[in-house]
Amino acid sequence: MRVMMVAAIVTFLVSVEPARAQDPYNVTVNVTELSRIFTELYGPEGLVVNSQAALAGGISHSAHFNSAFESEFSQFGTALTGQIVSLPLPAPASGFTYEFDPSVGVFTRSTSSFGPILSERADTIGIHRVSFGFAYQRLAFDSIEGMDLQSIPAVFTHDNAELRGGREDVITTVNSIDSEVTRSAGFITYGVSNSLDVSVAIPYISADIVVTSDATIRRIGTTIPEIHFFRAADDSIGDRRLFTAFGHASGIGDIAIRLKQSIKKGQRQGFALGLDLRLPTGDERNLLGTGAPGVQPFVAWSTDYGVLSPHINVGYQWNGSSILAGDLEAGIAADLPDVGVYSVGAVVAVHPRVTVALDVLGRYIIDTPIVRREDFHALDGRSVFPNIAFESGNINELSSAVGLKINLAGRLLLNANLLAALNDGGLRDKISPLVGVEYAF
């Protein structure tokens with residue numbers, strides 16, 4: 001009986017305590033434009049905390065906390081779009097290449113293998129020859145500059161924090177970014193002459209992004225909970241709140257046109273010049289395209305030692321201006337970073353119907369925003385919290401690719417490839433699978 005009375009008293013005392021949020025209240029927003037997912041994460045006015053100066057007569061006001069996270073991390077959209085449009089699709093040139101043999105008056109296969117998957121070889125498809133293809137690739141990004149996208153720290157400071165007092169309080173956040181992209185592409189290649197190919201690739205992009213920010217008020221300059229607090233839907237208050245923004249977009253991406261001209265063809269090796277033109281047909285506000293034209297000249301060298309065929313590609317991409325690199329809110333465009341591209345690899349004809357393709361691929365992104373981890377030191381001189389900072393620099397992204405080309409029947413090829421990150425540079429997916437088919441006639 002006594003135990004029951006004590007339990008009843010404890011229950012009563014707990015029930016009359018001021019309400020406090022037991023679990024952080026989650027504020028969720030469905031963004032209409034993926035490029036704004038970071039600027040809309042905390043609402044139109046940014047990260048705002050409820051505040052009541054109870055000791056000064058009960059005057060209520062809202063406290064604004066500021067960070068570079070919202071504005072600068074919107075460059076994540078630029079990095080994401082850059083990956084979507086720059087990650088290599090299967091080379092549009094056909095796995096079947098032909099040359100005219102005047103001695104017998106017919107076209108004959110010019111190579112024994114079916115060629116690389118994500119790189120180009122110097123051989124062309126042959127005059128009036130046509131190749132169709134389709135590829136599907138899935139990307140789920142894991143890290144940016146080696147930092148886990150599931151735990152990105154960011155510290156928000158009170159406006160006019162230098163005035164001290166309660167303004168010394170900070171808000172620490174741990175941010176989780178889930179981004180999944182699927183990219184499908186159809187492409188066609190036509191042999192204008194024995195030495196010139198024209199290819200067109202039309203991608204279809206589907207992107208889903210969810211950003212969750214777990215925010216906690218750190219009382220550096222205050223001790224009273226009512227000075228700064230988060231309010232829940234039931235009017236309870238607390239030190240934590242979750243903010244979630246999510247969005248989905250799908251549609252046509254940036255269309256690419258490729259010209260490849262073979263300028264030297266020997267018995268074993270060849271050399272070709274190419275030009276990639278990227279058309280800004282994708283919706284940049286939903287991260288489906290760059291919103292800027294791009295021009296990329298490249299050179300391709302390849303040689304043939306029977307079953308083994310090495311190749312090297314080198315190119316440089318000039319990009320135009322886009323609001324993704326500028327000010328989204330004001331609609332002001334700025335130049336997207338230029339990118340140097342390169343690849344070294346080989347294909348091995350392990351069977352008359354099977355080719356193994358191996359590549360090391362690189363992207364050298366010039367003068368681009370880079371995020372790095374640093375420590376934040378609060379104004380009390382004692383408290384230290386993990387944070388991020390942003391700077392401009394160059395990024396070298398290095399990847400490996402291993403794939404198969406299988407001749408299913410006639411001139412029908414099945415492509416399968418795994419693209420794996422070799423370093424931490426840039427926005428990365430550890431492993432990106434790709435499957436595709438191509439048919440030549």
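Residues numbered from 1 in each chain as written. Predicted model: local features only at pLDDT ≥ 70, side-chain atom pairs only at ≥ 80, totals over all residues. Heavy atoms only, no water.

### What about the overall build of the chain?
Okay, so step 1: The helix and strand tally for the chain stands at three helices and 26 strands.
Okay, so step 2: Per-residue burial over the chain gives 48% buried out of 441 residues.
Okay, so step 3: By sequence separation, contacts in the chain at least 24 residues apart represent 69% of the contacts at least 6 residues apart.
Okay, so step 4: Accessible area for the chain stands at about 20100 Å²; split by element, carbon and sulfur atoms hold 60% of it. (Helix = DSSP H or I, 4+ residues; strand = E, 2+ residues; numbered from the N terminus. Buried < 20%, exposed > 50% of the residue type's maximum accessible area, 1.4 Å probe, protein only. Contact = heavy atoms within 4.5 Å. Areas by Shrake-Rupley, 256 points an atom, 1.4 Å probe, with all protein chains shown as cover.)

### Section: the environment of Pro310
Okay, so step 1: Turning to its location among the elements, Pro310 is positioned in strand 18 (residues 308-319).
Okay, so step 2: Taking the C-alpha atoms as reference points, Pro310 and Val344, 34 residues apart in sequence, are found 7.8 Å from one another.
Okay, so step 3: Those residues within four positions of Pro310 in sequence are excluded, and the remaining contacts are Trp301, Ser302, Thr303, Tyr305, Gly345 and Ala346.

### Topic: the packing of aromatic side chains
Okay, so step 1: One pass over the full model with this rule turns up six aromatic pairs.
Okay, so step 2: Ring geometry for Tyr42 and Phe243: centres 5.0 Å apart, planes at 70°, overall edge-to-face. Remark: Phe243 occurs in strand 14 (residues 240-252) and Tyr42 occurs in the loop between strand 1 (25-30) and strand 2 (47-53); sequence separation between them is 201 residues.
Okay, so step 3: Judged by relative accessible area, Tyr42 falls into the buried class, the value being 7%. (Phe/Tyr/Trp six-rings, centres within 6.5 Å; stacked < 30°, edge-to-face > 60°.)

### A word on empty space enclosed by the protein
Okay, so step 1: Enumeration over the complete set of coordinates arrives at four cavities of 30 Å³ or more.
Okay, so step 2: What the second largest cavity holds in volume is close to 390 Å³.
Okay, so step 3: Lining of the second largest cavity is provided by 32 residues; of these, Gln75, Thr78, Ala79, Pro337 and Thr368 occupy positions nearest its centre.
Okay, so step 4: Looking at the lining of the second largest cavity, the elements with two or more residues in it are helix 3 (75-86), strand 18, strand 22 (354-377) and strand 23 (384-409).
Okay, so step 5: The element that contributes the greatest number of residues to the lining of the second largest cavity is helix 3, accounting for nine residues.
Okay, so step 6: Of the residues in the lining of the second largest cavity, the class split is 16 nonpolar, eleven polar and five charged. (1 Å grid on protein atoms, 1.4 Å probe; cavity = no way out; pocket = protein on both sides within 12 Å on 5 of 7 lines; lining within 4 Å. Points joined across faces, edges and corners; volume = space filled by probe spheres on them. Nonpolar A, V, L, I, M, F, W, Y, C, P; charged D, E, K, R; others polar.)

### Description of a nonpolar patch on the surface
Okay, so step 1: Together, Phe134, Tyr136, Leu408, Leu414, Val435 and Val437 line one region of the surface with nonpolar side chains, adding up to about 480 Å² of accessible area.
Okay, so step 2: Residue assignment for the nonpolar patch shows that the elements contributing at least two residues are strand 6 (130-140) and strand 26 (431-440).
Okay, so step 3: Along the chain, Val435 turns up in strand 26.
Okay, so step 4: We classify Val435 as partly exposed; its relative accessible area is 44%. (Patch = residues over 30% accessible without salt bridge, like charges linked within 9 Å, V, L, I, M, F, W, Y side chains within 5 Å. Salt bridge = Lys/Arg side-chain N within 4 Å of Asp/Glu carboxyl O.)

### Considerations on the pairing of strand 10 (residues 170-191)
Okay, so step 1: Judged from the eleven bridges that link them, strand 6 and strand 10 form a sheet pairing that is antiparallel. Each bridged residue has a counterpart across the sheet, and for Ala135 the counterpart in strand 10 is Ala185.
Okay, so step 2: In this structure, strand 9 (residues 152-158) lies alongside strand 10, joined through six bridges in antiparallel fashion. Looking at strand 10, one finds that Phe156 is bridged to Ile171.
Okay, so step 3: As defined by bridge partners, strand 10 adjoins strand 11 (residues 196-218) across 22 bridges and the pair is classed as antiparallel. Bridge pairing in strand 11 links Asn175 to Ser213.
Okay, so step 4: Count of turn residues in the strand 10/strand 11 antiparallel hairpin: four residues. (Pairing = 2+ DSSP bridges.)

### With respect to the sheet that holds strand 8 (residues 147-148)
Okay, so step 1: Read across the open sheet, the three strands follow the order 8-7-25; overall the sheet is antiparallel. Where the open sheet ends on each side, the last strands, each with one partner, are strand 8 and strand 25 (427-428).
Okay, so step 2: By the bridge criterion, two bridges tie strand 7 (residues 143-144) to strand 25 in an arrangement that is antiparallel. Residue pairing across strands places Ile144 opposite Leu427, the latter belonging to strand 25.

### Concerning the nonpolar core
In globular proteins that are soluble, nonpolar side chains generally tend to be buried together.
Okay, so step 1: Phe69, Phe73, Phe76, Leu80, Ile152 and Ile171 are the most contacted members of the largest nonpolar core, which has 44 residues in total.
Okay, so step 2: Listed by contribution, the elements that provide at least two residues to this core are strand 2, strand 3 (59-66), helix 3, strand 9, strand 10, strand 11, strand 14 and strand 19 (321-327).
Okay, so step 3: Among the elements that make up this core, the one with the highest residue count is strand 11 (six residues).
Okay, so step 4: Among the nonpolar cores identified, the runner-up in size contains eight residues, and Leu118, Val347, Ala401 and Leu419 belong to it. (Core = buried A, V, L, I, M, F, W, Y, C linked by side-chain atoms within 4.5 Å.)

### Quick notes on the environment of Gly381
Okay, so step 1: Tracing the sequence through the fold places Gly381 in the loop between strand 22 and strand 23.
Okay, so step 2: With 161 residues separating them along the chain, Gly381 and Ile220 place their C-alpha atoms 9.9 Å apart.

### Things to note about unusual backbone geometry
Okay, so step 1: Backbone geometry at Glu145 places phi at a positive 50°, although glycine is not the residue there.
Okay, so step 2: You can see Glu145 is positioned in the loop between strand 7 and strand 8.
Okay, so step 3: A positive phi angle, near 60°, is found at Leu287, a position not held by glycine.
Okay, so step 4: Of note, Leu287 is situated in the loop between strand 16 (269-279) and strand 17 (294-303).

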